[in-house]
Every structure is written in structure tokens, then in C-alpha cells.
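Each chain is listed here by its residues.
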Protein chains: 2
Amino acid sequence: MSFNEKYREYQDIAENWLNSIAGKYLPSGDGIHEAMNYSLMAGGKRIRPVLSIAVCDMLKCDRDYIMPYAAAIELIHTYSLIHDDLPCMDNDDFRRGKPTSHKVFGEAMAVLAGDGLLNLAYEIMIADMAKKGDSGLNKTETALLIAEAAGISGMIGGQVMDIKSENRDITYEELCSMHRMKTGAMIKAAVLAPAVLFGAGDEILSNLAVYAENIGLAFQIKDDILDLEGTGETLGKPVGSDEKNKKATFVSKLGINKARELLDQTVEKAVEALATLENNDFLVKMAVFIARRNK
Amino acid sequence: MSFNEKYREYQDIAENWLNSIAGKYLPSGDGIHEAMNYSLMAGGKRIRPVLSIAVCDMLKCDRDYIMPYAAAIELIHTYSLIHDDLPCMDNDDFRRGKPTSHKVFGEAMAVLAGDGLLNLAYEIMIADMAKKGDSGLNKTETALLIAEAAGISGMIGGQVMDIKSENRDITYEELCSMHRMKTGAMIKAAVLAPAVLFGAGDEILSNLAVYAENIGLAFQIKDDILDLEGTGETLGKPVGSDEKNKKATFVSKLGINKARELLDQTVEKAVEALATLENNDFLVKMAVFIARRNK
């Protein structure tokens, strides 16, 4: 099976998981259910749950057990996009080719839909922890990993740095630190969650951590390049927004050529980290995919 | 010890718990830490953790075990106030006598401080669940109770109804349903959390549930009366905001006299529900306190 076919297979699994969650928790199709559904089922690449499923497969573990945690990560990612797009934050009108939540449902509902998705992510994880049986799995440690990645030392902290860096010249180190928290933390959580849940050994954990940190960085560098060189039609959101918002990016800090070099080096490091792991084929190609995507 | 002395004792315990959480998780005193600290340590009556400690005492259980859950409830309550006060929601400038979060830190930081407190509430509960030992306690069930109360079927759902009811004539049933979710759900969770954690029997649980539902309702009726009759100085926020925002209240629906009657009946029902429980003295007086408070 080609990488693209495999990616599609994993993406479909993630999509089905999210659909079943929407069916269970957001059945009414109106009010807050509608707003949460709108953003959650807006497509997207589903990179985070795809990574979790892929690591599960690499470790030859049962995918179903990671489902509540991988889905929770995607819910947390989705809430963060809704809040990031708000007029008081990045003030974006389009996301994934569709009007953003506050454009469709109003600001108050967008804030609440985000709050609702964040809370639901925990509700789903805790409900899974409350299930009897499965006692060999490190469920609580997995949920804690995700909670720390999502919080003020992770994703939220990165968003704070982002807000504070607008119209201010930040250093290259600050830029790296911001993205390590803002996008990197949750990507790392998605990669490590199955390894923690199924009790993988320290060597696997540390190799996966290096892999995850580098694909997280690659993801952001590529994002910055796409904002300069991509097309709005493919991206589903306006290009050039970084320049418009005077945001520091890897491109603005390094220039386009050095940014491309760094992207290549980052992918190499990610691939190297997988060298001692068996069944690493998909994850190797995933690193390349993240660097070559056009949206 | 008088009720007031006992309340103060419980309030101090709650304040110390929250202080230790702030010291551990929000040590830096700037950025998002400052914004989260500002709202979390703004005083307030601490009714929810006081209720949790009081139920703990009534059940003669160790208070320390309920701490992460009672504190989490207060963090969730605090985040909801920050988001409720936002310009796109109730647009309130003052809360507990101090400028609201977005007035001090700006809207973006207020959204993120709220997100940060919600996430931290779960981080604290999950970290407690991950501790070894204490295996006789129903930690996961307690966290699930809180998550469900905070979510779209509880507090967030109530806030959605509130937003949708502005400038629209809602029925008395809708008003009750809205408050049962918006304020009632988390008050009920605060009362039930210790009973669930320590594995109280079904009769105790169902009596406490009736008690909690009635003090939750009493709390809201009193809030509506205070908005009409209280003073801004004592309340720490402007009075008459319900009328200004054209919000349906128990007073606007029933008239002031009927609202007072309903308040008395509600307190009676709460007290009746405690009749078969031992050591109920503080909780009985708490119901009366909620109905007689002047802020």
C-alpha cells in the first residue's frame, strides 16, 4: 500500500472516530452542538490522530484503545483553532476553506464552542479511564501527558507568546520556543500518547520524542513557507497573513533559502531518530509528507 | 463555633488550597500566570469549595483528598466568569469590585487565561488520579461528575441558553432549565464530589442531590433579587444589569414578592433533604446563608 493510501486509511479511521463522538455527544445538530460539529467535522488533515494511529500500528498495539486519547487531541486542536481565529486573536475569516466559527455563529458562540470542545476532550478521556478492565494500560499517564501539552506550559503558553510577539521583534530563539509550545507540544503528545498508553520502553519513548519534536518544527517551517508561496485556494485560508500581521516567521527570520535548508535538516533528524525502531516505514514517509505538503 | 466562624474557616482552607496551586502552577507572576492569578485569587465567596469541604466534614472524611477536585471546581468556575464577562458575552467591566480580566489584560489574554484555568483544572485532577495509593477512592468517577457538570449538558450549555435568551422572551420553564445548568450544575458537583469520592451510599447521594439542586436554585433567585435591590458597592459589580441587558430573571418573571416566596420554599426543600443525614448543621445553615447573603 502506498503512503498516500495508508494516510487515507488512517485519516478515515480518525474521521470515523470523530463522527462517532459527534453522534454520541453532539446529536442535536443545533445550538452549541451545531457550532462544535461545524469546526470538528470541517475536514482538515487530521495529522495528530493519524500520527497516533501510525505509532499504534508501529508498536503493533490495538488501535481502539488509543481512540479516546487521539480523538481528545483533535478536539483540543480544534478548540484552539476556533479561539485563535477570534477577532481579538488572529481575526481570521476563513479556515480550511470555510468561514471561521465566529463568522458563522457569532463571537459568543465561538468562544463557547471552543470551551465546549476543550471540556469534551477531557470528558471523553475521563469516561475512558472510568471504564473497568483495561487495567494494563497507562490511561491516566496518557491523559496527563495530553493535559500538560495542551496547557500553559504547552499549547496555550505558545499562543500567549504568539499574541505578545505581534508588532514586536522577537529573537530566533523566542520564535523556536513559541512554536515548540504552540504547535509542537500537541504533535509530540499525539506521537507519544500511544507509546505511553501501551507502556513502551524508555528508548522507544526518547526516540519518538526526538522524531516528534522535529516533525513539529518541520510542520511550522513549512507552514511559514506556504504562507508566502502557497495559494489561498489550496490552503483554504488567505496567504500572506503573517506579513499582514507583522508576525515573525522562519522565513522572515532566516530568509526563504535558509528556511528551506532548515526544513530539510529537520526532516533528516526526524528520520534518523526512527533508525532503531522497527516498522518505521510510515512514520519516515510522514516526516517527508509534512515537509512537502502543499496545504 | 458560629456558622460565620465555621464558614470563614472553610473559606480559609479553600483559599490556602488555591494559593498552593497558584504557587505551584502559576509562579512567575507575569504573562498568562498573572492573568490567571488575578481572577483566581480575586477573593469571592468560595461557595463551591466551602460546600465540598463541608460535605467532607459531614461524612467525617479526610479533607485533603477532596482538595484537587474542589480546587478544580473553583478553577472551572473562575474560567467561566472570565469568559462570561467578555465583550462578546455579558460585556461586564467589574467583577468582585475589580476590573474584569479583559479590562486589565485585554481580550486575547482574557480568553487564554480562561482556557488556561479550564485546562489546569483537569491537569490537577488527572495528576491526582495518576498518584499511586489512595486506591479506595473513586477519583475517576468524581472527575467525570465534574467534567459532565462543566460541559455542554451543564454549565456551558446553560451559558449558551443565556446568550440565546437575550432580547427574547423565554418561558419560566426555560429560565429554570437555564439556571439549573448554568449555576446549578457546578454547585451540585461541588456538593456531590466528596460523596462520590468517598463512596457514600445511594440514600446519602440522592438526599445531597436534592439539597444541592435547591441551594443552586436559591442562589440564583437571590442573585436576581440582589441585582434589583443590592448596592453596587457591596456586590462589587453594577446592579440593574439584568434589566439593562433585558434578561429574564426570577424577579421579572414572578415579581419580587413571588420570587421571595419561591426563595423561602427552595431553602425549606434544601433543609428537608438533609433531615435524615447526621452532622448536617453547617449545611442547613449554609442554605439559609445563601438565601440571606447581601452579596
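Residues numbered from 1 in each chain as written. Chains lettered and ligands numbered in written order. Predicted model: local features only at pLDDT ≥ 70, side-chain atom pairs only at ≥ 80, totals over all residues. Heavy atoms only, no water.

J.: Run through the overall build of chain A, naming residues and quoting values.
T.: The helix and strand tally for chain A stands at 15 helices and two strands. Computed over its C-alpha atoms, the radius of gyration of chain A comes to 18 Å, within 12% of the 19 Å expected for a compact globule of 295 residues. In terms of overall dimensions, chain A has a C-alpha envelope of 55 × 50 × 35 Å along the principal axes. Here chain A holds 295 residues, and 59% of them are scored as buried. Here the contacts in chain A between residues at least 6 apart in sequence split such that 75% fall between residues at least 24 apart. For chain A, the accessible surface area stands at approximately 11800 Å², while carbon and sulfur atoms represent 49% of it. Treating the 33 positive side-chain charges of chain A as one cloud and the 43 negative ones as another, the clouds have centres 2 Å apart. (Helix = DSSP H or I, 4+ residues; strand = E, 2+ residues; numbered from the N terminus. Rg over C-alpha atoms; globule rule 2.2 N^0.38 Å. Buried < 20%, exposed > 50% of the residue type's maximum accessible area, 1.4 Å probe, protein only. Contact = heavy atoms within 4.5 Å. Areas by Shrake-Rupley, 256 points an atom, 1.4 Å probe, with all protein chains shown as cover. Lys, Arg positive; Asp, Glu negative; His and termini not counted. Charge placed at Lys NZ, Arg CZ, Asp CG, Glu CD.)

J.: Any chance you could break down the interface of chain A and chain B for me, citing the residues and the numbers?
T.: Taken together, the 41 residues of chain A in the interface contact 41 residues of chain B. Roughly 3400 Å² of surface becomes buried between chain A and chain B when both sides are summed, with 78% attributable to carbon and sulfur atoms. Of all residues in chain A, Asn119(A), Ile126(A) and Ile152(A) give up the largest surface area on contact with chain B, accounting jointly for 18% of the area buried on that side. Where chain A touches chain B, the interface holds two salt bridges. The closest approach of N and O atoms between Lys132(A) and Glu141(B), which form a salt bridge, is 3.3 Å. The interface formed by chain A and chain B contains eight residue pairs in polar contact (both at pLDDT 80 or more). Counting residues per element, the ones that place at least two in the side of chain A that touches chain B are helix H2 (31–40), helix H4 (63–85), helix H6 (107–130), helix H7 (139–150) and helix H8 (155–165) of chain A. Of the residues belonging to the side of chain A that touches chain B, the class tally is 26 nonpolar, eight polar and seven charged. (Buried area = accessible area lost by both parts, 1.4 Å probe. Salt bridge = Lys/Arg side-chain N within 4 Å of Asp/Glu carboxyl O. Polar contact = N/O pair within 3.5 Å; in protein donor to acceptor, adjacent residues only side chain to side chain. Nonpolar A, V, L, I, M, F, W, Y, C, P; charged D, E, K, R; others polar.)

J.: Talk me through unusual backbone geometry; I want residue IDs and the actual numbers.
T.: Across residues other than glycine, the phi torsion is negative in most instances, and most of the peptide bonds are trans. Even without glycine at this site, Asn91(A) takes up a positive phi of about 50 degrees. Residue position: Asn91(A) is located in the loop between H4 and strand E1 (94–95). Since its relative accessible area comes to 42%, Asn91(A) is described here as partly exposed. For Asn279(B), which is not a glycine, the phi torsion comes out positive at approximately 55 degrees. Residue position: Asn279(B) is located in the loop between helix H14 (256–273) and helix H15 (281–292).

J.: So, the environment of Ala22(B): which residues are in play, and what are the values?
T.: Residue and element names in this part refer to chain B. Residue placement: alanine 22 occurs in helix H1 (residues 3–25). For alanine 22, a relative accessible area of 5% corresponds to the buried category. Along the backbone, alanine 22 and glutamate 34 are twelve residues apart, and their C-alpha atoms lie at a distance of 9.8 Å. The residues contacting alanine 22, other than those within four sequence positions of it, are Pro27 and Asn37.

J.: Can you explain the side chain of Asp92(B)? Please cite residues and give values.
T.: Residues and elements named next belong to chain B. Its location among the elements puts aspartate 92 in the loop between helix H4 (63–85) and strand E1 (94–95). Buried charged residue aspartate 92 carries no salt bridge. Nearest counter-charge: arginine 95, at 5.0 Å. Setting aside chain neighbours within four positions, we find aspartate 92 in contact with Asp85, Thr100 and His102.

J.: An account of helix H14 (residues 256–273) of chain A is needed here, citing residue identities and associated values.
T.: Residue and element names in this part refer to chain A. The end-to-end C-alpha distance of H14, which contains 18 residues, comes to 26 Å, matching closely the 26 Å that a straight helix rising 1.5 Å per residue would cover. The set of residues buried in H14 consists of Ala259, Leu262, Leu263, Thr266, Val267, Ala270 and Ala273. Relative to the axis of H14, the buried residues are bounded by an arc of 140 degrees and lie together on one face. Residues of H14 that are exposed and angled more than 90 degrees away from the buried face: Asn257, Lys258, Glu268 and Glu272. For H14, the elements touching its buried residues are helix H9 (172–197), helix H10 (202–229), helix H13 (250–254) and helix H15 (281–292). (Expected span 1.5 Å × (residues − 1). Arc of directions from axis to C-beta.)

J.: Break down the pattern of salt bridges for me, citing the residues and quoting the values.
T.: Residue and element names in this part refer to chain A. For the structure on display, the rule yields 40 salt bridges over all chains. For the salt bridge of aspartate 57 with arginine 63, the shortest nitrogen-to-oxygen distance reads 2.9 Å. For arginine 63, a relative accessible area of 25% gives the class partly exposed. Taking the shortest distance from any N to any O, the salt bridge between aspartate 84 and lysine 182 comes out at 3.8 Å. With a gap of 98 residues between them, aspartate 84 in helix H4 and lysine 182 in helix H9 connect regions that are remote in the sequence. Of the residues examined, aspartate 84 reaches a relative accessible area of 10% and is grouped as buried.

J.: So what's going on with the relation of the copies chain A and chain B? Which residues, and what values?
T.: Overlay of chain A on chain B (RMSD 0.0 Å): rotation 180 degrees, translation along the axis 0.0 Å. The superposition of one copy onto the other is thereby described by a two-fold rotation axis. The fraction of interface residues of chain A whose copies in chain B are also interface residues reaches 100%, indicating that both copies meet through the same surface. (Least-squares fit on C-alpha atoms with pLDDT ≥ 70 in both.)

J.: Summarise the packing of H4(A) against H8(A); cite the residues concerned and give the values.
T.: Residue and element names in this part refer to chain A. Contact pair H4 / H8: the axes reach a minimum separation of 12 Å and the direction vectors enclose 20 degrees. If you check the angle between H4 and H8, you find them roughly parallel. The chirality of how H4 crosses H8 is right-handed. Contacts between H4 and H8 involve Ile76, Tyr79, Ser80 and Asp84 on the former and, on the latter, Met155, Ile156 and Gln159. Partitioning the contact of H4 with H8 into residue classes produces four nonpolar, two polar and one charged. (Axes fitted to C-alpha atoms, helices over the stretch in contact; angles between N-to-C directions. Parallel < 35°, antiparallel > 145°, perpendicular 65-115°, else oblique. Left-handed = near helix turned anticlockwise from the far one by under 90°.)

J.: Any chance you could break down the nonpolar core for me, citing the residues and the numbers?
T.: One recurring pattern in soluble globular proteins is that nonpolar side chains are buried together. Tyr211(A) and Tyr211(B) are the most contacted members of the largest nonpolar core, which totals 215 residues. Apart from residues no more than four positions distant in its own chain, Tyr211(A) is found in contact with Leu51(A), Val191(A), Ala270(A), Ala273(A), Leu274(A), Leu283(A), Met286(A) and Ala287(A). (Core = buried A, V, L, I, M, F, W, Y, C linked by side-chain atoms within 4.5 Å.)

J.: So what's going on with helix H1 (residues 3–25) of chain A? Residues and values would help.
T.: For an α-helix, the turn length of 3.6 residues means that residues three or four places apart are oriented alike. Between its first and last C-alpha, H1(A) extends 33 Å over 23 residues, near the 33 Å set by a 1.5 Å rise per residue. On its buried side, H1(A) packs onto H2, helix H3 (47–58), H4, H6 and H15 of chain A.

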